[in-house]
Amino acid sequence: MTSDKWDAKLYDAKHAFVWEKAKGVMELLAAKSGERILDLGCGTGALTSEIAGSGAEVVGVDRAVEMIEEARRKFPNLRFEVCDARELRFVQEFDAVFSNAALHWIPEAERVVEGVAQALRPGGRFVAEFGGKGNVRNVISALEAGLRGCESPPDSANPWFYPSIAQYSALLEKHGLEVRQAALFDRPTKLEEGERGLETWVRMFCASFLERVAISKRDKFLRSVEAAARPALWNTDHWLLDYRRLRVAASKTAN
């Protein structure tokens, strides 16, 4: 995987927690039959399909071509499009915009919020959950330690945007999205594969760190990351990552 290329098969096989832990945000969305809903950052389509099961007409979009190809293969009767969340072109087309575990990948958050506000009909709702302030703090520290151990500076390696409630709420309100609910909460997340779990997670989600390390040094880097993370994140027989999620619900103010 590179920064813009995803292994969709690995994503489905070893990281199902991404959508399996979405029950709370799905309940907050409360999709209804007849609604038009945009699933922003849909990945391989698991939640898009669940939303469609409510009777809503749903469109799944993702920047990653590999994810959209896999979503189309798995759910051929649903509509999926390759689309950059920073360049949404929809205009007052949706009753709701939904997003799970995607928006922390986009530091240009204001461009995303502008597109969401434009895509919603007046009175429409925006419901999202993604990494919030403090998310995987111990993992990031371990990744940076691993880079230093390989004589590679960690500056600018972190690709993520993890806002506070205040920071993100202010951004939504600026663009006419009235915040109705916002919560920042811990969600410790168990990784699969026991001892190998953290390495698999890093290979899936941390391309911007891996790319700074020569291929010949990547095993050393991964072992250094594991050693640095172990005191805080190893739990008897598995890795338990220090996830923190920001969950928000907002409504587009009527014109």
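Residues numbered from 1 in each chain as written. Predicted model: local features only at pLDDT ≥ 70, side-chain atom pairs only at ≥ 80, totals over all residues. Heavy atoms only, no water.

**Observations regarding the state of the cysteines**
Okay, so step 1: Counted according to the given criterion, the structure contains zero disulfides.
Okay, so step 2: Of all cysteine sulfurs, the one in Cys83 lies closest to Cys42, which takes part in no disulfide; the gap is 9.8 Å.
Okay, so step 3: By relative accessible area, Cys42 is classed as buried at 8%.
Okay, so step 4: Cysteine Cys150 remains unbridged, with the sulfur of Cys206 as its closest cysteine sulfur at 14 Å. (Disulfide = S-S within 2.5 Å. Buried < 20%, exposed > 50% of the residue type's maximum accessible area, 1.4 Å probe, protein only.)

**Brief notes about the nonpolar core**
Okay, so step 1: Core analysis: the biggest nonpolar cluster contains 30 residues, and Leu40, Leu103, Val116, Phe126, Tyr168 and Leu177 have the highest contact counts within it.
Okay, so step 2: Those elements that place two or more of their residues in this core are β1 (36–40), β2 (57–62), β4 (94–100), α6 (109–119), β5 (120–131), α8 (165–174) and β10 (244–252).
Okay, so step 3: Ranked by residues supplied to this core, first place goes to α6 with six residues.
Okay, so step 4: When residues no more than four places from it in sequence are discounted, the contact partners of Leu103 are Leu40, Val112, Phe126, Ala128, Phe130, Phe161 and Tyr168.
Okay, so step 5: Counting 28 residues, the second-largest nonpolar core is a separate cluster that includes Val202, Phe205, Leu222 and Val225. (Core = buried A, V, L, I, M, F, W, Y, C linked by side-chain atoms within 4.5 Å. Helix = DSSP H or I, 4+ residues; strand = E, 2+ residues; numbered from the N terminus. Contact = heavy atoms within 4.5 Å.)

**Notes on the sheet that holds β1**
Okay, so step 1: Taken in spatial order, the seven strands line up as β3-β2-β1-β4-β5-β10-β6 in an open sheet, and their pairing is mixed. If you trace the sheet from one side to the other, it starts and ends with β3 (79–82) and β6 (177–186), each paired once. The average angle at which neighbouring strand axes cross in this sheet is 15°, direction not considered.
Okay, so step 2: Bridge count between β1 and β2: five bridges; the pairing is parallel. Paired with Leu40 across the two strands is Val61, which belongs to β2.
Okay, so step 3: Packed on one face of the sheet, α6 meets β1, β4, β5, β6 and β10 and runs near 145° to β5. (Pairing = 2+ DSSP bridges. Axes fitted to C-alpha atoms, helices over the stretch in contact; angles between N-to-C directions.)

**So, the sheet that holds strand β9 (residues 238–241)**
Okay, so step 1: A sheet is described by the order of its strands in space; here three strands give the open sequence β7-β9-β8, paired in antiparallel fashion. Looking along the sheet, the strands with just one partner apiece sit at the ends: β7 (189–190) and β8 (234–235).
Okay, so step 2: As defined by bridge partners, β7 adjoins β9 across two bridges and the pair is classed as antiparallel. Across the sheet, residue Lys190 finds its bridge partner in β9, namely Leu240.
Okay, so step 3: Contacting β8 and β9, helix α11 (residues 218–233) crosses the sheet at an angle of about 75° to β9.

**Description of the packing of aromatic side chains**
Okay, so step 1: Applying the stated rule across the entire model yields 10 aromatic pairs.
Okay, so step 2: Aromatic pair Phe130 and Tyr168: ring centres 5.0 Å apart, planes at 65°, arrangement edge-to-face. Here the residue Phe130 occupies a position in strand β5, and Tyr168 occupies one in helix α8, the gap between them amounting to 38 residues. For the pair Phe130 and Tyr168, a shared accessibility class is recorded, and that class is buried.
Okay, so step 3: Centroid distance Trp160 to Trp201: 6.4 Å. Interplanar angle 50°. Geometry classified as tilted. Of this pair, Trp160 sits in the loop between α7 (137–149) and α8 while Trp201 sits in helix α9 (residues 197–205), and the two are 41 residues apart along the sequence. Across this residue pair, the class does not change: Trp160 and Trp201 are buried. (Phe/Tyr/Trp six-rings, centres within 6.5 Å; stacked < 30°, edge-to-face > 60°.)

**Examining the side chain of Ser251**
Okay, so step 1: Turning to its location among the elements, Ser251 is positioned in strand β10.
Okay, so step 2: Beyond its immediate stretch of four places on either side in the chain, Ser251 contacts Gly124, Arg125, Gly176, Leu177, Glu178 and Arg180.

**Here we look at the packing of α7 against α11**
The packing of two helices is summarised by the inter-axis angle and the distance between the axes.
Okay, so step 1: In contact at an axis separation of 8 Å, α7 and α11 are set at 145° when each is read in the N-to-C sense. As for the relative orientation of α7 and α11, their crossing is right-handed in sense. Contacts between α7 and α11 pair Asn138, Val139, Ala142, Leu143, Ala145, Gly146, Leu147 and Gly149 from the former with Lys220, Phe221, Ser224, Val225, Ala228, Ala229, Ala232 and Leu233 from the latter.
Okay, so step 2: When grouped by side-chain class, the residues that make up the contact of α7 with α11 number 11 nonpolar, four polar and one charged. (Left-handed = near helix turned anticlockwise from the far one by under 90°. Nonpolar A, V, L, I, M, F, W, Y, C, P; charged D, E, K, R; others polar.)

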